[in-house]
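# Structural overview
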Amino acid sequence: MSRKVIITCAVTGAIHTPSMSPHLPITAEQIADAAIGAAEAGAAIVHLHARNPQDGRPDQSPEAFAPFLRVIKQRSDCVVNITTGGAPTMTIEQRVKPAASFAPEVASLNMGSMNFGLFGMLNRFKTFQHDWEKPYLENKDILFRNTFGDIEYILRTCSENNTRFEFECYDTSHLYNLKYFLDAGLVRAPLFIQTVFGLQGGIGAHPEDVMHMKRTADRLFGDSYKWSVLGAGRNQLPIAAMAAAMGGNIRVGLEDSLWGGPGRLAASNAEQVRSARQIIEGLGLSVATPDEAREILSLKGGDRVNF
Ligand code: KMH
Ligand code: ZN
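Once a new chain begins, its residue numbering starts again from 1 and follows that chain's sequence as written. Chain labels run from A onward and ligand labels from 1 onward, assigned in the order the entries are written. In view of the model being predicted, local features appear only for residues whose pLDDT reaches at least 70, and side-chain atom pairs are presented and counted only at 80 or more, with totals across whole chains, interfaces and linings using the full set of residues. Side-chain measures were taken over the full set of non-hydrogen atoms in the model, leaving aside hydrogen atoms and water.

For the record, the criterion: UniProt positions are given in the numbering used here, feature names are shortened, and annotations may be inferred rather than shown by experiment.
The name that an unreviewed UniProt entry assigns to the protein chain is 3-keto-5-aminohexanoate cleavage protein, with the source organism given as Falsiroseomonas tokyonensis. Taken verbatim from the UniProt record of the protein chain, the Cofactor (unreviewed entry) comment is "Zn(2+)".

This is the structure:
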């Protein structure tokens, strides 16, 4: 039987801003449609952030998540993953609220503090519809805070609800931080490790970087983890292809890349999921259904969430 590969689709995030692409989902209706479209195209998991419907600013209030969570649950059996990263400008208490309120099957968990440089995108994007966008992107003093205390706080809050985690690891030290939590008994296998490549402030997107993260994760976690990759921007599909060929799972979506091809904006999240599917099937592998992803990652089930 061919290996089942889990596609996660991160449909909007907090990195890109509305002026960069008319296809970036902003309103609850757009986020719900994008998530359902991605699931229909083959995403087993949708990773979700919310935005203010007027100006597209990241919004981490549970009220902003509620309308699209309900619709997604009614119209799809995909696994819902709620961000606890939010945006680097938010406090840890704000960041954990939606996952704590809605008890999803999966929540993201960022495994270390780091610089977060969005300013590189100003080379390409120069005009903005909303006054918050340019200062948000220009800021060279963003510290994405994820201390051991912060991580433990999110872990303890969400574990009460049997939510499991997408452990986002942007550099080698983040894998060692995760190993600390494993040894301390605060997380349990199978760990779903999302290695992140090509963000300014994290590890690069060179094949050697991908190999290094995989080798390190193999050494630290052996068979106790499931590997997934996320390549930022134009690195999205090359890194997805590399990881799929090496036993990994794939994350795509407009949160991580706006592109559908060289210099061409993706028209939808589903378009990127279809590209991921082509890679997987082209390698003779198959795309995991939501229930197969639940089995692979030991999730509690879509009927045990609070939305
Ligand atoms: N945008 C990703 C690189 C989170 O939501 O917790 C990181 C992310 C963080 O997805
Ligand atoms: Zn995210």
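## Side note on the site of ligand 1
Heads up, the condition is: Any residue with a non-hydrogen atom lying within 4 Å of a molecule or strand is treated as near it. Two N or O atoms form a polar contact when they lie within 3.5 Å of each other; inside protein one atom must be a possible hydrogen donor and the other a possible acceptor, and for residues adjacent in sequence the pair counts only when both atoms belong to side chains. All accessible-area figures derive from a Shrake-Rupley calculation using a 1.4 Å probe, and residue coverage is judged against the displayed protein chains alone. In this analysis a 1.4 Å probe is tested at points of a 1 Å grid over the protein atoms alone, and where it fits but cannot get out there is a cavity; an open set with protein on both sides within 12 Å along at least five of seven lines is a pocket; lining residues have an atom within 4 Å of a point. Whether a molecule sits in a cavity or pocket is decided by its atoms, more than half of which must lie within 2 Å of the grid points.
With respect to spatial proximity, 15 residues lie near ligand 1, and among them His49, Thr83, Ser108, Asn110 and Glu255 are the closest. Measuring from an oxygen atom of ligand 1, one finds a side-chain N or O atom of threonine 83 at 2.6 Å. Protein contact buries 96% of the 300 Å² of open area that ligand 1 shows by itself. More than half of the atoms of ligand 1 fall within 2 Å of the grid points belonging to the largest pocket.

## Details of the side chain of threonine 172
Heads up, the rule is: In DSSP terms, a helix is any run of H or I states spanning at least four residues, a strand is any run of E spanning at least two, and both are numbered starting from the N terminus. When checking whether two residues touch, look at their non-hydrogen atoms; a contact exists if any pair is within 4.5 Å.
Tracing the backbone shows threonine 172 in helix α6 (residues 172–183). Polar side-chain contacts of threonine 172 include one of 3.1 Å to the side chain of histidine 212. Apart from the residues lying within four places of it in its own chain, the contact partners of threonine 172 are His212, Met213 and Thr216.

## Some details on the packing of aromatic side chains
Put simply, the rule reads: Pairing of aromatic rings covers Phe, Tyr and the six-membered ring of Trp, with a centre-to-centre limit of 6.5 Å; geometry is then stacked below 30 degrees between planes, edge-to-face above 60, and tilted otherwise. Under the scheme applied here, a residue whose accessible area is under 20% of the maximum for its type counts as buried, over 50% as exposed, and between as partly exposed, the area being computed with a 1.4 Å probe on protein chains only. Lysine and arginine charges are scored as sitting over a ring when NZ or CZ, respectively, is within 6 Å of the ring centre and within 35 degrees of the ring normal.
Inspection of every chain in the model, using the stated rule, returns ten aromatic pairs. For the ring pair phenylalanine 65 and phenylalanine 68, a centre distance of 5.5 Å and an interplane angle of 50° mean the geometry is tilted. Here phenylalanine 65 and its partner phenylalanine 68 are both found in helix α2 (residues 62–75), three residues apart, which amounts to about one turn of the helix. The pair phenylalanine 65 / phenylalanine 68 is uniform in exposure class, with both members buried. Joined through ring pairs, the aromatic side chains of Phe116, Phe144 and Tyr170 make up one cluster. Directly above the aromatic system of phenylalanine 307 lies the positively charged group of lysine 73, at a separation of 5.8 Å from the ring centroid. Sitting over the face of the ring of tryptophan 227, lysine 214 holds its NZ or CZ atom 5.6 Å from the ring centroid.

## Some remarks on helix α5 (residues 148–159)
Basically, it comes down to this: Here the expected length of a helix is defined as 1.5 Å per residue gap, with one fewer gap than residues.
A rise of 1.5 Å per residue sets the reference length of α5, with its twelve residues, at 16 Å; its end C-alpha atoms lie 16 Å apart and thus fit the reference within 8%. Looking at α5, one finds that the buried residues are Asp150, Ile151, Ile154, Leu155, Thr157 and Cys158. Buried residues belonging to α5 abut α3 (92–102), β5 (106–110), β8 (164–169) and α6.

## Regarding the pattern of salt bridges
Close approach of charged atoms lets side chains of opposite charge pair. This is how it is decided: For this analysis, a salt bridge means a side-chain nitrogen from Lys or Arg found within 4 Å of a carboxyl oxygen belonging to Asp or Glu.
Going through the model one piece at a time under the given rule, you end up with 16 salt bridges. A salt bridge links aspartate 33 to arginine 75; the shortest N-O distance between them is 3.5 Å. Remark: arginine 75 occurs in helix α2 and aspartate 33 occurs in helix α1 (residues 28–41); sequence separation between them is 42 residues. Using a relative accessible area of 49% as the deciding quantity, one classes arginine 75 as partly exposed. Notably, a salt bridge pairs lysine 214 with aspartate 218, separated by 2.8 Å at the nearest N-O pair. Here the residue lysine 214 and the residue aspartate 218 both occupy positions in helix α7 (residues 207–221), the gap between them amounting to four residues, near one helical turn. Residue classification places lysine 214 among the buried positions, given a relative accessible area of 17%. Each member of the salt-bridge network shares a partner with another, and the members are Glu166, Glu168, Arg251, Glu255 and Asp256.

## What about the side chain of glutamate 271?
Mapped onto the elements of the fold, glutamate 271 is located in helix α9 (residues 269–282). With a relative accessible area of 14%, glutamate 271 lands in the buried category.

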